[in-house]
Amino acid sequence: MSTDLVRVRTGVYHDSVSLMRVSRAVTGLPGVEVAVVAMATELNRGIAAELGFDLPEAGPADLLIAIRSGGPAALEAAAAELDRLLAGLAGRTGGGTAAEHPPRTVRTAARGRAATLALVSVPGEHAFAEAMDAIEAGLSVMIFSDNVPVEQEVLLKRRAAERGVLVMGPDCGTAVIAGAGLGFANVLRPGPVGLVAASGTGAQQVSCLLDLAGVGVGHVLGVGGRDLSAEVGGLSTLRALEALDADPATELIVLISKPPAPEMARTVREAVAKLETPVVTALLGPGQDDLTAAAENALRALGVAVPTWRSWPAPPPPDDRPRAGGRGTGGAGAGRTGTDAEGAGGSGGGTRAGTLRGVYSGGTLCAEARLIAGTGEFTDFGDDAYTRGRAHPMIDPALRLEALAEVPPGDVVLLDVVLGHGADPDPSARLAPGIAAAVARGVPVVVALVGSEGDPQGLNAQAAAVRAAGAAVFTSNAQAARHAAGLLASAR
């Protein structure tokens, strides 16, 4: 008979990613059926209630603990391990003792320090006040938070322009300032390239390809995915371009964006024409260069040879599993969207002519793949609609694994695995079983692996693990998309 333990710890806060990992660790203990360790938000209380836990009153500033086990002994052991894990979190964050008197506002924290930048990572409904406080303190600000209303974004960026500072975000997933990574950040060699990106994973793709080609990056200024919308008007993009143009260490600027509003594409091209520093653009859209082509154009502008981008063909299927018809397309050559080139080998497939399923964690990578493939059903699980109240899919792949498990035989799956600080420390460990199960039932899987040689997860180790599960792996998302589309076409 199952035994439940439900506790509320008042006024104890830990970030959602740390608590997610604690929940996962406790759930994996012997005899534990399920564990919910999370802040007692409405969403998290709802999850616990759906699991059948009887919950006491609690508020979003309280820590909710709900564990179900097969008996009292297992529950006692789980509670002890939970206490150990939570104590480790408190020690890592300094414990927040009253004697330390930590600053209560961004402006207070900046006072008396040589600070120039604040990073805001709070629930979206609270981000505006913290970011405005940073701006009024004369700080540039990176807003990692998502679900910030566009009206607030415009107000922040207009005030930042008046104060002479830069707003990166909201929903700025990655930035690199003088070699220091913020948010989801890859380990990059220093160098002469500066990126301005209305895209997080787009910036990661281009910077990682440059790194794999031996070219370093000095700055990545993320501006938020909506910056080149008509509503926001490119306020941060234009300022970031000016900042990099004024930087003597930046020899080349790469401008990256999800498909911009047409009028904003014209505006930024006019601004680029006035800069002294050369600029390579990757404004995604029909007929425009893809991200891999932009990286290659940057290499040519620097006089560096374009390499063959690394890829790992899928292992051949067992003799008792049907193969996909034909070899497909994709691979070594990358250029404008919609072109074809040779690629890595395909994984096993069924006989039904199916659908290309894009199961992405990166919005720009998803948009790029959709443009290149020209067919299929694509979902960006990093969109605000999927991240409200839960960790980003680059940290927690649960929703993507659920989607992968529902793909029928004959379809082809295309997904991204993004490495770097802040991301899952071993994404292949959780994704590989789902990939292997899909391949076993006749679903070819193609992976776009975005990372650098220096990333803590290990580029080669991650590639080997997902390839062993049956996937074809590419370091170029554009090549992965062409290959996946080719697999589908060859099976028809």
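Our subject is the structure listed above.
What this report covers is the structure whose coordinates are included nearby. Worth saying up front: this structure is predicted, and the values here are computed from it rather than measured.

Turning to the nonpolar core, a few remarks are in order. Leu195, Leu210 and Leu414 are the most contacted members of the largest nonpolar core, which totals 57 residues. Considering each element in turn, this core owes the most residues, 7 residues, to helix α16 (residues 477–490). Setting aside anything within four residues of it in sequence, one finds Leu414 in contact with Leu356, Arg357, Gly358, Val359, Tyr360, Ala369, Phe378, Val446, Ala480, Ala481 and Ala484.

Attention now moves to the sheet that holds strand β4 (residues 117–120). Taken together, 3 strands build an open sheet; the order of strands is β4-β5-β6 and the sheet is parallel. Two strands in the sheet have a free side with no partner beyond their single neighbour: β4 and β6 (167–168). Alignment of β4 against strand β5 (residues 140–143), held across 4 bridges, turns out to be parallel. In the strand pairing of β5, Ala118 is matched with Val141. The strands that helix α5 (residues 124–136) touches are β4, β5 and β6; relative to β5, the one it contacts most, it runs at about 160°.

Further remarks concern unusual backbone geometry. Gly169 connects to Pro170 through a cis peptide bond whose omega is 0°. As for its position among the elements, Pro170 is in the loop between β6 and β7 (174–177). Despite not being glycine, Asn147 has its phi angle at roughly 55°, a positive value. For Asn147, the location among the structural elements is in the loop between β5 and α6 (150–163). Note on Asn147: relative accessible area 18%, which makes it buried. Although it is not a glycine, Ala178 sits at a positive phi angle of roughly 50°. Along the chain, Ala178 falls in the loop between β7 and β8 (180–183). Residue classification places Ala178 among the exposed residues on the basis of a relative accessible area of 63%.

Structurally, Leu371 can be placed in helix α11 (residues 363–373). Residue classification places Leu371 among the partly exposed positions, given a relative accessible area of 29%. Residues contacting Leu371, with those up to four places away along its chain left out, are Leu284, Gly285 and Pro286.

Turning to the packing of helix α7 (residues 200–212) against α11, a few remarks are in order. Running from N to C, α7 and α11 point in directions that differ by 75°, and their axes come no closer than 5 Å. Taken together, the axes of α7 and α11 lie roughly perpendicular to each other. Contacts from Thr201, Gly202 and Gln205 of α7 reach α11 at Gly363, Thr364 and Leu365. Split by residue class, the contact of α7 with α11 holds 1 nonpolar, 5 polar and no charged.

Moving on: the sheet that holds strand β2 (residues 32–39). Spatially, β1-β3-β2 is the arrangement adopted by the 3 strands of the open sheet, whose pairing is antiparallel. Two strands lie at the open edges of the sheet, namely β1 (3–9) and β2, each paired on one side alone. Here the strands of the sheet are splayed against their neighbours by 5° on average, with no regard to which way each runs. Relative to the sheet, helix α1 (residues 16–27) contacts β2 and β3 (63–69), its axis offset from that of β2 by approximately 165°.

On to the pattern of salt bridges, then. In this structure the tally under the stated criterion is 17 salt bridges. Ionic pairing is found between Arg357 and Asp411, a salt bridge with its closest N-O pair at 2.8 Å. Pair noted here: Arg357 is in strand β14 (residues 356–360) and Asp411 is in the loop between α13 (398–405) and β16 (412–418), with a separation of 54 residues, a long-range link. By relative accessible area, Arg357 is classed as partly exposed at 23%. One continuous salt-bridge network, built from bridges that share partners, spans Glu153, Lys157, Arg226 and Asp227.

Together, Leu43, Ile47 and Leu51 give the surface a local cluster of nonpolar side chains, amounting to about 210 Å² of exposed area. Of note, Leu51 is situated in the loop between α2 (42–50) and β3.

Rules and cut-offs
- Residues numbered from 1 in each chain as written.
- Predicted model: local features only at pLDDT ≥ 70, side-chain atom pairs only at ≥ 80, totals over all residues.
- Heavy atoms only, no water.
- Core = buried A, V, L, I, M, F, W, Y, C linked by side-chain atoms within 4.5 Å.
- Buried < 20%, exposed > 50% of the residue type's maximum accessible area, 1.4 Å probe, protein only.
- Helix = DSSP H or I, 4+ residues; strand = E, 2+ residues; numbered from the N terminus.
- Contact = heavy atoms within 4.5 Å.
- Pairing = 2+ DSSP bridges.
- Axes fitted to C-alpha atoms, helices over the stretch in contact; angles between N-to-C directions.
- Parallel < 35°, antiparallel > 145°, perpendicular 65-115°, else oblique.
- Nonpolar A, V, L, I, M, F, W, Y, C, P; charged D, E, K, R; others polar.
- Salt bridge = Lys/Arg side-chain N within 4 Å of Asp/Glu carboxyl O.
- Patch = residues over 30% accessible without salt bridge, like charges linked within 9 Å, V, L, I, M, F, W, Y side chains within 5 Å.
- Areas by Shrake-Rupley, 256 points an atom, 1.4 Å probe, with all protein chains shown as cover.

Functional significance is not addressed by these values, which are geometric in nature.
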